[in-house]
Amino acid sequence: MFQQVFPAIFLFASSILASAQAPSAPGKPLPPGPAQAKVKAACTQCHNTSRITEQHLTRQQWSGELKKMEGLGAVISDADRDAFLNYLSKNFGPEKGVAKPAAKKSGSAAD
Ligand code: HEC
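Source: prediction; values computed, not measured.

> Which residues make up the overall build of the protein, and what are the values?
Helix and strand content of the protein: 5 helices and 0 strands. Written out in order from the N terminus, the α and β elements of the protein read α-α-α-α-α. Here the protein holds 111 residues, and the buried ones make up 8% of them.

As structure tokens, then:
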């Protein structure tokens, strides 16, 4: 029983680690900003920056993401949390245009 289950668990665990732990692949560079260096240090230990740069999250969603990462083992000091959230939601916030319907012109005389 154990001999049948163990290899499966091992394969499963190592595939998760392989997909999460790829700091050797550089990923997309993080845009400059006051928290850039700290975010890079805290957030690229287990995965590269692409995990971050491909997101378009609100500040609240980023807050949840930081909590999730802490649950996985990331270390974010309380003093840095605000700066992280500012940086992440500014650079990787909801896509421009999508979340701002007010900016769209609605049927003006130009039509
Ligand atoms: C201890 C390892 C570790 C650290 C440190 C870490 N992450 Fe992650 N991160 C993971 C793992 C593992 C996943 C994949 C989780 C999944 O698939 O559910 C992940 C996935 C993500 C994702 C993709 C969305 C998701 O929830 O799966 C984002 C965004 C992310 N991390 C952001 C960050 C940020 C920002 C930091 C720095 C504050 C950070 N990570 C630090 C382990 C870590």
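Having put the structure on the table, let's press on.
> Explain the nonpolar core residue by residue, including any values.
Within the largest apolar cluster, 8 residues are counted, these being Leu30, Val39, Cys43, Ile52, Trp62, Phe84, Tyr87 and Leu88. Secondary structure elements with two or more residues in this core: helix H2 (36-43) and helix H5 (78-91). At 3 residues, H5 tops the list of elements feeding residues into this core. Sequence-distant contacts of Phe84, that is, excluding residues within four places in its chain, are made with Ala35, Val39, Leu66 and Ile76.

> Give a detailed account of helix H4 (residues 59-72), specifying residues and quantitative values.
A rise of 1.5 Å per residue sets the reference length of H4, with its 14 residues, at 20 Å; its end C-alpha atoms lie 20 Å apart and thus fit the reference within 8%. Trailing H4 by a residue or two, Gly73 shows a phi angle of about 125°, which is positive.

> I'd like a rundown of the environment of Leu57, residues and numbers included.
Assignment of secondary structure puts Leu57 in the loop between helix H3 (50-53) and H4. What makes Leu57 partly exposed here is the crowd of 16 C-beta atoms within 10 Å. For the pair Leu57 and Ser89, spaced 32 residues apart in sequence, the C-alpha separation works out to 6.6 Å. Among residues more than four places away in sequence, those in contact with Leu57 are Trp62, Glu65, Phe92 and Gly93.

> Tell me what's going on with the confidence of the model for the protein, and back it up with residues and numbers.
Mean pLDDT over the protein: 80, with 63% of residues reaching 70 or higher. Summarising per-element confidence for the protein, the mean pLDDT is lowest in helix H1 (residues 2-20) (56) and highest in H4 (98).

> Tell me about the environment of Ile52, and name the residues and values.
Here Ile52 lies in helix H3. The class for Ile52 is buried, based on 22 C-beta atoms found within 10 Å. Setting aside its immediate chain neighbours within four residues, Ile52 contacts Cys43 and Phe92.

The rules behind these values
- Residues numbered from 1 in each chain as written.
- Predicted model: local features only at pLDDT ≥ 70, side-chain atom pairs only at ≥ 80, totals over all residues.
- Helix = DSSP H or I, 4+ residues; strand = E, 2+ residues; numbered from the N terminus.
- Buried ≥ 20, exposed ≤ 12 C-beta atoms within 10 Å, placed from the backbone.
- Core = buried A, V, L, I, M, F, W, Y, C linked by C-beta atoms within 7 Å.
- Contact = placed C-beta atoms within 7 Å.
- Expected span 1.5 Å × (residues − 1).
- pLDDT = per-residue confidence, 0-100.

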